[in-house]
Amino acid sequence: MLVRTPLVELSLIEGIAYRQKLRGGQTGVVILRNDYLQPGLALVNHRTGEPDLATHLPQELFSKEAFVEALELTSGLPYSRRGPVRSQSILPLSPDTPDHPETTEELASSAPEALTVVSSHDYAAIVKAYTNRKGELSYELLNKALIKAAHANPFVATMVHQGASLEEISNHVVRANFESVSGNSHLSEAEVNSIISLLDEVSPRSVIREFNDEIRKMISHRSP
């Protein structure tokens, strides 16, 4: 099984694409052409957000522009546990490529820890609660819920008054929200962070940026 987004249809070439969570914490963009057996792979550069095409990838078949389109079309689509799109999982990436130490076989499968997260009831409940009718994660809904919770919770006001950090306040509100949505009152900080990390990877921006900006405002207005 793979941790990947739903399929999207490309306009620049005849084919489909998806994002995939890979081993080693990397994110891949996979394109499957209608007229070519092997998929094309690019790794998402976490610094630039641009696709880094795999070595020896035939660029007359898999252009960088096609991968950019795939990234745009999969933006906001949540990861879930899904089966391979084709029986062949041969990715044209050389294991000797610099900065890509994983072997082809390792890149073809998703990280076990990511599979564990997306297979959980907690992750499914959170994604369902904040997914719109188009099947996209609604960052507006999530951030509005977190901001509302922060202002309504007296303990948050106490944390602000007592000088708690942005990270401490944010972690408290996010964890309380996820526990409420999932019905699991025993979510660990690590589990919450793993869910946020997976939501972040398909987000066009930091998934809880607006909420954190609001916490910064609350902190800046606290009494000395």
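To keep things clear, this report deals only with the structure shown in the data block.

Analysis parameters
- Residues numbered from 1 in each chain as written.
- Predicted model: local features only at pLDDT ≥ 70, side-chain atom pairs only at ≥ 80, totals over all residues.
- Heavy atoms only, no water.
- Buried < 20%, exposed > 50% of the residue type's maximum accessible area, 1.4 Å probe, protein only.
- Helix = DSSP H or I, 4+ residues; strand = E, 2+ residues; numbered from the N terminus.
- Pairing = 2+ DSSP bridges.
- Salt bridge = Lys/Arg side-chain N within 4 Å of Asp/Glu carboxyl O.
- Phe/Tyr/Trp six-rings, centres within 6.5 Å; stacked < 30°, edge-to-face > 60°.
- Lys NZ or Arg CZ within 6 Å of the ring centre and 35° of its normal.
- Core = buried A, V, L, I, M, F, W, Y, C linked by side-chain atoms within 4.5 Å.
- Contact = heavy atoms within 4.5 Å.

On to the pairing of strand S4 (residues 27-33). When a strand is regular, its side chains alternate between the sheet's two faces. The element S4 is largely enclosed, with a buried count of seven among its seven residues. Of the two faces of S4, the one carrying Thr27, Val29, Ile31 and Arg33 and the one carrying Gly28, Val30 and Leu32 are both buried. Connecting strand S3 (residues 15-21) to the next strand, S4, in antiparallel fashion are five residues, including glycine 24 with a positive phi near 80°. Pairing between S4 and strand S5 (residues 40-44): four bridges, direction antiparallel. Directly across from glycine 28, in S5, lies its bridge partner leucine 43. Hairpin connection between S4 and S5: a loop of six residues separates the two successive antiparallel strands.

Evaluated as defined, the whole model comprises seven salt bridges. Two residues, arginine 33 and aspartate 35, come together in a salt bridge whose shortest N-O distance is 2.8 Å. Of the charged contacts, one joins lysine 64 and glutamate 50 as a salt bridge, the two residues approaching to 3.9 Å between their closest N and O atoms. Note that lysine 64 is positioned in helix H1 (residues 64-74) and glutamate 50 in the loop between S5 and strand S6 (51-53), a separation of 14 residues in sequence.

Take the packing of aromatic side chains next. Within the structure shown, the criterion is met by one aromatic pair. The ring of tyrosine 18 carries arginine 4 above its face, with NZ or CZ at 5.2 Å from the centroid.

Glancing now at unusual backbone geometry. Excluding glycine, residues mostly have negative phi values, and the peptide bonds linking residues are mostly trans. With phi around 70°, histidine 56 is a residue other than glycine that occupies positive phi space. Following the sequence through the fold, histidine 56 ends up in the loop between S6 and H1. The exposed category is assigned to histidine 56, whose relative accessible area is 68%.

Moving on, we get to the nonpolar core. Among the nonpolar cores identified, the biggest contains 37 residues, and Tyr123, Ile169, Val174, Phe178, Ile208 and Phe211 are the most heavily contacted of them. For this core, the secondary structure elements donating two or more residues are helix H3 (112-118), helix H4 (121-129), helix H5 (139-152), helix H6 (154-161), helix H7 (166-182), helix H8 (189-201) and helix H9 (209-220). In terms of residues, this core owes the most to one element, H8, which gives five residues. With residues near it in sequence (within four places) discarded, isoleucine 208 still touches Leu142, Asn143, Leu146, Ser170, Val174 and Ile196. Within the second largest apolar cluster, 16 residues are counted, among which are Ala17, Ala42, Leu57 and Phe62.

Moving on to the environment of serine 119. Here serine 119 shows up in the loop between H3 and H4. Here serine 119 falls in the partly exposed class, since its relative accessible area comes to 38%. Measuring from C-alpha to C-alpha, the distance between serine 119 and arginine 81 comes to 6.3 Å, with 38 residues separating the pair along the chain.

Remember that the coordinates give geometry; whether it matters functionally is a separate question.
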